[in-house]
Amino acid sequence: MADPAPETEAAEATPRRDWAGVFRSLVLPLGLLAIILGGLWYWDARGEGANINDARYGTVELPPERNATDRSPAVEIGRAAPDFLLETPTGGELRLSDLQGQPVLINFWASWCAPCRAEVPELVAAYDRYRDDGLVIVGVNLQEADEKVNEFADEFGIEFPIVIDRDGELRNVWRLGGPFDGIPTSYFIDASGIVRSLFYGPMREAALEERLAEILEERAG
Amino acid sequence: MASVDTVQRTSRPVRGAELFFWAWRLLASAQFAIALIGFLVVAGLLAVVLPQVPASIRDNGAAVDAWLALRQDSFGPLTDPLYRVGLFSVVATWWFLSALVLLAVSVGVYTLDRFLDIWRNVTQPRQQVPDSFFERAANRAALDTPASPADESARIEAILSKRRFRVRRVEQGATTYLFADRFAWAQLGNFATHIALVLFLAGALVSQLGGFTSALLIAEGTTSPVFPVSNPQQMQVEVLDAVGLFDERGAPLDYRSQIIIYQGGEEVARGTTTVNNPLLYGGYRFHQGGYFGDGAALRVLDAATGNTVYTEVLALTELSPAPAVVVRDAQGVVLLDDVIVPSDFIEDARGELITVPGSGHEFWVGLSQDGAGVDALWNLVVYDRDETGARFVLPEGETRWEGGLQWTFAEAVGLPSVIAPGLPGDSERTLTVLSETPEGTPFLTVLGAVEGRALTLFPDQPVEIDGLEYRFEGRREFAGIEVRRDPGANVIWVAAGLLLAGLMVTFYLPRLRLWARVRAGETVVVSLAERRGVFQAEADHLRKELGAGRIDGKREGDVND
């Protein structure tokens with residue numbers, strides 16, 4: 001048997017060139033990391049929670065004839081408020097654009113939020129004062145169970161309509177809390193559906209009155 | 001007239017096998033994988049730098065339009081083009097997902113390519129080596145075997161087979177070649193170990209980047225969200241019952257809570273959580289991480305409408321000093337043994353007007369302090385309201401007779417208390433103090449809600465003042481719930497298993513591959529330049545079993561006796 005160099009020959013059974021070099025050695029670790037991280041990212045970003053709710057509910061197209069501006073809806077002062085259709089905790093539905101013709105205060109809240117609890121009595125009182133003037137307050141609860149929402153409404157004597165953002169979708173459109181990313185947050189919308197002012201945090205009577213006056217005057221005017 | 005020369009090219013159709021091998025080589029190429037990784041890194045950076053359309057609204061055109069309208073301020077006319085090429089939803093674009101899948105395939109092929117090399121070496125080992133290898137091998141043993149090659153090779157084969165070698169024989173003329181292999185598959189141990197190390201790194205990084213931890217302090221009967229504000233996967237945790245068990249010295253023995261988890265408005269899990277046995281739901285672990293026993297549920301209603309205007313479970317995390325006092329009559333009968341909750345001030349003393357039972361006297365009993373900090377000394381200050389207005393001061397731990405009564409200032413104790421901001425009433429800052437009667441009934445003292453008056457609230461005994469009804473709804477305990485998600489944990493477990501298996505196989509299995517050349521009068525056994533100890537042991541064993549001697553003139557590297 002006259003074969004080539006035996007040690008190397010035998011060693012060739014496991015060729016090392018495929019692993020050789022720093023550049024090549026990076027492939028497996030970096031590749032695995034990229035796959036795992038990318039996969040994880042995709043998994044997180046695929047919107048699992050969106051399936052919690054019926055896809056009909058959430059932000060909906062604002063009918064063009066109900067857009068009093070020449071720009072697309074956005075949560076900015078002077079622009080048409082984005083429309084939404086949400087369920088009430090009592091089994092009904094409420095569409096924001098159906099309230100056009102009346103001044104609307106939209107208040108985002110949750111029962112676990114202490115500042116929201118502090119603010120609710122002010123809203124209840126304001127609704128009592130101005131409901132005959134056409135004011136509608138819409139309380140948008142964030143992702144809580146119907147029973148908890150109803151229980152809360154009963155405790156505080158809330159008579160204005162409440163809807164539930166079950167999958168938290170509205171947060172991304174309505175920029176809750178602005179830079180502070182929190183609740184309560186309130187939006188004051190005039191009778192033509194245009195955002196006139198907003199307030200981050202719990203409102204006291206003076207702040208509430210000042211902003212309500214603006215949208216109530218619009219209607220009177 | 002110009003003529004046109006044409007060259008007719010002959011094309012050979014690409015065969016399917018060639019296409020496959022071309023694709024295999026591409027996917028197994030390190031450069032290709034690195035290029036894909038680079039592309040994904042750049043895409044990932046863009047996804048971090050640029051705002052991304054939240055997943056929960058991605059399929060809702062109206063919501064996306066409203067979201068994009070808000071981006072106009074930052075990106076102006078570029079907003080729409082950036083959205084159209086997918087830079088506002090990078091991880092959901094076809095090109096990102098394609099690159100990710102291609103990289104997964106590439107790394108799989110790359111690893112498989114390497115694995116196939118090892119597998120070939122395991123299943124199709126080189127059974128014959130050149131004669132020169134029998135002279136120069138690093139591990140070499142030359143044995144004196146006087147019998148015929150056929151007999152000696154049969155004996156060697158039998159001996160090696162008993163030692164769990166798989167033996168194959170090739171006869172060439174007067175020479176017999178043997179190849180013996182034991183635990184060949186153990187070569188995979190190194191492969192497993194290396195994969196494990198990579199997985200450890202990946203697991204740690206995944207845990208770091210994709211993990212979630214949140215600590216919640218939740219009172220009994222209340223709910224807290226897992227994520228701040230709203231989230232597509234938002235969950236709420238409700239604590240039904242929080243229990244803290246302590247030994248006689250006050251050291252905690254066990255914390256446990258009954259909790260309910262809600263998601264999307266529905267109850268999705270319910271059970272008991274403890275420190276070591278969390279409740280699991282949706283990849284999240286809900287641990288009991290702490291316990292706090294001094295809470296008080298306080299509600300205020302509008303007396304006219306019955307509507308709640310304030311409701312909180314207060315965590316009484318501060319301590320308010322109060323004197324523990326014992327008063328006896330001349331016969332030594334205990335008339336009072338209680339902690340007096342201060343509700344007003346006289347000079348620098350904080351105290352309360354009390355009636356000592358059986359004495360018919362009213363006293364103002366308070367606490368004053370000499371000094372500050374840990375060196376502070378406490379004094380009991382007593383005014384007799386009914387007699388002469390006599391005043392006496394009693395240091396902590398001392399007893400004094402006064403007006404026929406024996407006063408003992410047992411100690412100054414700290415009562416759970418907290419400022420309750422926003423409590424309806426006359427003051428913006430209201431102090432609430434939780435205490436118990438000698439019979440063990442809890443009561444809440446509210447200072448500041450009504451000017452000039454302390455409210456003492458017992459459970460279910462509301463007090464109505466100025467159109468407001470104050471209700472102490474009872475003592476409440478708090479559970480510290482820690483919510484965790486560790487997506488890298490399973491990867492780490494797999495890595496640990498692989499590492500352990502790889503190390504066991506590599507270090508504890510006596511893997512060995514031998515080649516033997518048997519000629520008349522001499523047998524040479526060799527192996528590769530590794531596992532020298534195992535080779536030496538096997539060569540020694542073989543020599544003893546054969547009863548063979550060592551051939552003189554051994555060269556360097558031969559095995560010694």
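Rules behind the numbers
- Residues numbered from 1 in each chain as written.
- Chains lettered and ligands numbered in written order.
- Predicted model: local features only at pLDDT ≥ 70, side-chain atom pairs only at ≥ 80, totals over all residues.
- Heavy atoms only, no water.
- Disulfide = S-S within 2.5 Å.
- Phe/Tyr/Trp six-rings, centres within 6.5 Å; stacked < 30°, edge-to-face > 60°.
- Helix = DSSP H or I, 4+ residues; strand = E, 2+ residues; numbered from the N terminus.
- Buried < 20%, exposed > 50% of the residue type's maximum accessible area, 1.4 Å probe, protein only.
- Axes fitted to C-alpha atoms, helices over the stretch in contact; angles between N-to-C directions.
- Parallel < 35°, antiparallel > 145°, perpendicular 65-115°, else oblique.
- Left-handed = near helix turned anticlockwise from the far one by under 90°.
- Contact = heavy atoms within 4.5 Å.
- Nonpolar A, V, L, I, M, F, W, Y, C, P; charged D, E, K, R; others polar.
- Salt bridge = Lys/Arg side-chain N within 4 Å of Asp/Glu carboxyl O.
- Pairing = 2+ DSSP bridges.
- Expected span 1.5 Å × (residues − 1).
- Arc of directions from axis to C-beta.
- pLDDT = per-residue confidence, 0-100.
- Patch = residues over 30% accessible without salt bridge, like charges linked within 9 Å, V, L, I, M, F, W, Y side chains within 5 Å.
- Areas by Shrake-Rupley, 256 points an atom, 1.4 Å probe, with all protein chains shown as cover.
- Polar contact = N/O pair within 3.5 Å; in protein donor to acceptor, adjacent residues only side chain to side chain.

Caption draft 1: Representation of the state of the cysteines. Residue and element names in this part refer to chain A. Across all of its chains, the model carries one disulfide over all chains by this definition. The disulfide partner of C113 is C116, and the gap between their sulfur atoms is 2.3 Å. Classification of the bridge connecting C113 and C116 rests on its S-S torsion, roughly 80 degrees, and on that basis the disulfide is right-handed.

Caption draft 2: Broad picture of the packing of aromatic side chains. Residues and elements named next belong to chain A. Summed over the entire model, instances satisfying the criterion amount to 29 aromatic pairs over all chains. Ring geometry for W174 and Y187: centres 5.0 Å apart, planes at 70 degrees, overall edge-to-face. Residue W174 is located in helix α6 (residues 170–174), and its partner Y187 is located in strand β7 (residues 185–189); the two are separated by 13 residues in the primary sequence. The exposure class of W174 is buried, given its relative accessible area of 0%. Ring-pair connections join several aromatic residues into one group, and the members of that group are F84, F108, W174 and Y187.

Caption draft 3: Summary view of the packing of helix α7 (residues 149–162) of chain B against helix α10 (residues 532–546) of chain B. Residues and elements named next belong to chain B. In contact at an axis separation of 10 Å, α7 and α10 are set at 125 degrees when each is read in the N-to-C sense. Accordingly, the angle class assigned to the pair α7 and α10 is oblique. Judged by the twist between their axes, the crossing of α7 over α10 is right-handed. For the pair α7 and α10, contact is made by E152, R155, I156 and I159 and by H541, L542, E545 and L546, respectively. In the contact of α7 with α10, the residues fall into four nonpolar, one polar and three charged.

Caption draft 4: Geometry of the pattern of salt bridges. All names here are of chain B. One pass over the structure, following the stated rule, counts 35 salt bridges over all chains. Across the pair R249 and D247 runs a salt bridge, and its minimum N-O distance is 3.9 Å. On the basis of relative accessible area, D247 is assigned to the partly exposed category, the value being 25%. Bridged by salt links that share partners, the residues D131, E135, R140, R517, R519 and E522 form one connected network.

Caption draft 5: Representation of the sheet that holds strand β5 (residues 223–225) of chain B within the structure. All names here are of chain B. Spatial ordering of the open sheet is given by β5-β6-β7-β8, a layout of four strands whose pairing is antiparallel. A single partner strand is all that each edge strand has here, and the edge strands are β5 and β8 (266–274). Across this sheet, the average inter-strand angle for adjacent strands is 25 degrees, counted without regard to direction. Inspection of the sheet shows β5 paired to strand β6 (residues 235–246) by three bridges, in the antiparallel sense. Directly across from T223, in β6, lies its bridge partner E238.

Caption draft 6: Representation of helix α9 (residues 489–508) of chain B in the model. Residue and element names in this part refer to chain B. With 20 residues, α9 should cover 28 Å at 1.5 Å per step; its first-to-last C-alpha distance of 28 Å lies within 8% of that length. Residues of α9 that are buried: V491, A495, G502, V505 and T506. Axial view of α9: buried residues confined to an arc of 105 degrees, hence all on one face. Residues N490, W493, L500, F507 and Y508 are exposed on α9 and point more than 90 degrees away from its buried face. Against the buried residues of α9 lie α8 (188–210).

Caption draft 7: Focus on the pairing of strand β7 (residues 252–263) of chain B. Residue and element names in this part refer to chain B. Where β6 meets β7, 11 bridges bridge the pair, whose relative direction is antiparallel. Note that in β7 the partner of V237 across the bridge is I261. Once β6 ends, the chain turns through five residues before running back antiparallel as β7, passing G250 with a positive phi of about 90 degrees. Of the pairings in the sheet, the one linking β7 to β8 comprises eight bridges and is antiparallel in character. Following the sheet pairing, S257 is matched in β8 by T273. The hairpin formed by β7 and β8 contains two residues between the paired strands, and G264 there has a positive phi angle of roughly 60 degrees.

Caption draft 8: Quick peek at the confidence of the model for chain B. All names here are of chain B. Residues at a pLDDT of 70 or more form 95% of chain B, whose mean pLDDT is 87. In this model residues 1–7 is a low-confidence stretch, pLDDT under 50, and it forms zero contacts with partners more than four residues away in sequence or in other chains. Every residue in residues 552–561 scores below 50 in pLDDT, and together they form 21 contacts with partners more than four places removed in sequence or on other chains. Here the predicted complex carries an ipTM of 0.77, next to a pTM of 0.73.

Caption draft 9: Summary view of a nonpolar patch on the surface. Residues and elements named next belong to chain B. Taken together, the side chains of L500, L503, M504, F507 and Y508 define a hydrophobic patch exposed on the protein surface, amounting to about 590 Å² of accessible area. Relative to the helices and strands, L500 resides in helix α9. In this structure L500 comes out as exposed when scored by relative accessible area, which is 56%.

Caption draft 10: Molecular detail of the interface of chain A and chain B. On the side of chain B, 83 residues touch chain A, which itself brings 76 residues to the contact. At the surface where chain A touches chain B, the tally comes to three salt bridges. As a salt-bridge pair, E238 of chain B and K148 of chain A come within 3.3 Å of each other at their nearest N and O atoms. At the junction of chain A with chain B, the criterion picks out 10 residue pairs in polar contact (both at pLDDT 80 or more). Elements with a minimum of two residues in the side of chain A that touches chain B: α1 (6–11), α2 (22–25), α3 (27–45), β1 (58–60), α4 (114–130), α5 (146–156) and α6 of chain A. For the side of chain A that touches chain B, the element with the most residues is α3 of chain A, which contributes 18 residues. In terms of residue class, the side of chain A that touches chain B is built from 40 nonpolar, 14 polar and 22 charged.

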